[in-house]
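Below are the chains, spelled out letter by letter.
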Amino acid sequence: MNQSENAIVVENLWKSYGNLQVLKGLSLKVPKGATLVILGRSGVGKSVLLRQILGIELPDKGSVEVYGKEISSMTESERYEAIKSMGMLFQGAALFDSMNIGENVAFYLRQHDKKIGENEIQKRVDEALTMVNLKGTQNKMPSDLSGGMRKRAALARVIVYGPNVILYDEPTTGLDPITAHQINDLILQTQEKFNATSIVVTHDLKSAAEVGDYIAFHDKGIIYYMADKHEFLNSKDPIISEFLANAILTKEYMKNA
Amino acid sequence: MNKIIELFAIVGDYIRLILKVMWLSIYRTPSASLIRDQMYDIGVLSLPVVAITGFSTGMVLAAQSFFQLSDKGLSSATGLMVTKAMMVELGPVLTAFMVTGRVGASMCAELGTMRVTEQIDAIRSMAVNPLRHLVAPRFIAGLVTLPLLTVFSCIMGIIGGYVIAVYYYHMTPNNFLDPLPAHITTFDFVSGLIKAFVFGFIIITISCYRGMTTTGGAAGVGKATTSSVVICYTVILIGNFLLTISMNNSYNCLMAFIDKL
């Protein structure tokens, strides 16, 4: 993998909270336009890694480079500028309770694209909501929506401004298999439409196989193993094999993957 | 020892938040609509509770003053007692208490909930500084509305005192009002306003700080809200004492200096 082809380069990342050392020299590279799925047990720091990449938390040591810009050494205002081209789908959707769905989706545009008029904003909000099959929900409050609908609305809030890096924090956790499949489809559609570089953190191996180009296994604060999807799913490494064996993955699905 | 270090870290973190919010409020002022919404929430929606508090306190003050002073032939000081007490002490403190309970608690709970449900991270993820978007508008609105609410509370208190003195104890209106112009000074008015301004600063910064640093889910939000209210009340009471002493001493020094000239 050529260095210049990588959209995201994480080098020797260390992060602790009090006495708890979460990341212990983690490194990874994601090629431009590719989707990397990060698998791993609960509590190993997968979400923490996403927060470092997005720049909403700073690492204790190490570097995060996104499209050639070193996020971790920027000043606060430079970091906010760099984050403008990135988006994140949060585990619990994180829609703003005080705003309706339309206002949630329009939030970024109203904050940063001051030149575009209200009509253009409404048009783009409609397009984004249509893409996630939530047309007509603009005036609903987040509390009126189901878990799956909230995730889709949150995805609309990200795709409305077309970021070139999208981070997904457990996008299918807590959803029924059909809704989870819809979310996976939306991730793929988003990928196709924007050619964004994506990182998906999940426990869901089916989801990983559906959306990932590359799969990494995060264990004990480092990326233990990373390979393209086929290589990963057929890995003979004992820890990966154990993880795969314990995951719910039908033979049929493995064949398709 | 660890507790002391932890306390210093919290105070340092709190001061850093204050400095950042002050910088953002001055140099990157948040949008007028956000400030207007907060002024409506902190100011306009607090009017009924502040009015009731001010009015009833004024009535009680008048009743007690008249009862305590009339047998000593000092009943004509009732109006002055009510007005002075409302302007320099009870107006600012009681308004601050009411705003802490009504606004500070809800502010802390709202920001705390946003924090534990990752809404604040979502704001950051869209390249918006949450301090500028969430805290600075509350900060500006609090600093403007607290003095205004305090003035309103004082007026309601004086009206309450007037109603009781004139219509219940049958003082003449002149008897109640006449001593005021001679004895109510600019210093009384300014010291009340300074206190209200400082209390507004205390309420907003403590409530927002506790909200923005909430952890531990719903239980954490509950704990943060309770602690923010308790801390606000305590700091307001201690601050009131220190402000009273320092402003009175400053006033005496200033008067002595002017006399020398």
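Conventions we followed
Residues numbered from 1 in each chain as written. Chains lettered and ligands numbered in written order. Predicted model: local features only at pLDDT ≥ 70, side-chain atom pairs only at ≥ 80, totals over all residues. Heavy atoms only, no water. pLDDT = per-residue confidence, 0-100. Helix = DSSP H or I, 4+ residues; strand = E, 2+ residues; numbered from the N terminus. Contact = heavy atoms within 4.5 Å. Axes fitted to C-alpha atoms, helices over the stretch in contact; angles between N-to-C directions. Parallel < 35°, antiparallel > 145°, perpendicular 65-115°, else oblique. Left-handed = near helix turned anticlockwise from the far one by under 90°. Nonpolar A, V, L, I, M, F, W, Y, C, P; charged D, E, K, R; others polar. Pairing = 2+ DSSP bridges. Patch = residues over 30% accessible without salt bridge, like charges linked within 9 Å, V, L, I, M, F, W, Y side chains within 5 Å. Areas by Shrake-Rupley, 256 points an atom, 1.4 Å probe, with all protein chains shown as cover. Salt bridge = Lys/Arg side-chain N within 4 Å of Asp/Glu carboxyl O. Buried < 20%, exposed > 50% of the residue type's maximum accessible area, 1.4 Å probe, protein only. Phe/Tyr/Trp six-rings, centres within 6.5 Å; stacked < 30°, edge-to-face > 60°. Disulfide = S-S within 2.5 Å.

So, the confidence of the model for chain B
The predicted coordinates should not be examined in detail at positions where pLDDT is low.
Stage number 1. With 100% of its residues at a pLDDT of 70 or more, chain B shows a mean pLDDT of 94.
Stage number 2. Two numbers describe this predicted complex: its pTM, 0.89, and its ipTM, 0.89.

Some thoughts on the side chain of T190 of chain A
Stage number 1. Summarising the element assignment, T190 of chain A is placed in helix 6 (residues 177-194).
Stage number 2. Each residue touching T190 of chain A, except ones within four places of it in the same chain, is listed here: M131, L155, I159, I166, Y168 and N195 of chain A.

What about the packing of helix 3 (residues 101-112) of chain A against helix 4 (residues 118-131) of chain A?
All names here are of chain A.
Stage number 1. Two elements in contact, helix 3 and helix 4, have axes whose closest approach is 9 Å; the angle formed by their N-to-C orientations is 120 degrees. Our classification of the angle between helix 3 and helix 4 gives oblique. Crossing angle aside, the handedness with which helix 3 passes helix 4 is right-handed. Facing I101, G102, V105, A106, L109 and R110 of helix 3, the residues of helix 4 in contact are E118, I121, Q122, R124, V125, A128 and L129.
Stage number 2. Residue composition of the contact of helix 3 with helix 4, grouped by class: 8 nonpolar, 2 polar and 3 charged.

Describing the sheet that holds strand 5 (residues 69-70) of chain A
All names here are of chain A.
Stage number 1. Here 4 strands make up an open sheet; going across it, the order is 2-1-4-5 and the pairing antiparallel. Edge positions in the open sheet fall to strand 2 (20-31) and strand 5, since each of these has one partner strand only.
Stage number 2. Alignment of strand 4 (residues 61-66) against strand 5, held across 2 bridges, turns out to be antiparallel. Counted as the bridge partner of V66 is K69 from strand 5.
Stage number 3. Sheet strands touched by helix 1 (residues 46-54): strand 1 (6-17), strand 2 and strand 4. Its angle to strand 1, the strand with the most contacts, is close to 120 degrees.

Digging into a nonpolar patch on the surface
Residues and elements named next belong to chain B.
Stage number 1. Taken together, L7, V11, I15, L19, M22, W23, I26 and Y27 make up a surface patch of nonpolar side chains, about 840 Å² in accessible area.
Stage number 2. Position of L19 among the secondary structure elements: in helix 1 (residues 2-27).
Stage number 3. Since its relative accessible area comes to 54%, L19 is described here as exposed.

Some words on the packing of aromatic side chains
Stage number 1. Tallied over the full model, the rule gives 13 aromatic pairs over all chains.
Stage number 2. Ring centres 5.7 Å apart and planes at 50 degrees place the aromatic pair Y225 of chain A and F232 of chain A in the tilted group. Comparing Y225 of chain A with F232 of chain A shows no difference in burial state: the two are buried.
Stage number 3. Ring geometry for Y162 of chain B versus F176 of chain B: centroids 5.5 Å apart, planes at 85 degrees, classification edge-to-face. Here F176 of chain B lies in helix 7 (residues 173-177) and Y162 of chain B lies in helix 6 (residues 130-168), a separation of 14 residues in the sequence.
Stage number 4. The partly exposed category is assigned to Y162 of chain B, whose relative accessible area is 23%.

Brief notes about the state of the cysteines
All names here are of chain B.
Stage number 1. Counted by the stated rule, this structure contains 0 disulfides over all chains.
Stage number 2. You can see C108 has no disulfide; the closest cysteine sulfur is in C232, sitting 8.5 Å from it.
Stage number 3. You can call C108 buried: its relative accessible area is 1%.
Stage number 4. Judged by its relative accessible area of 0%, C232 is buried.

Topic: the pairing of strand 6 (residues 86-89) of chain A
Residue and element names in this part refer to chain A.
Stage number 1. Here strand 6 shows no split at all, with M86 and M88 on one side and G87 and L89 on the other all buried.
Stage number 2. Taken together, the 4 bridges between strand 6 and strand 7 (residues 165-169) define a ladder with parallel strand orientation. Among the inter-strand pairings, M88 is bridged to a residue of strand 7, identified as L167.

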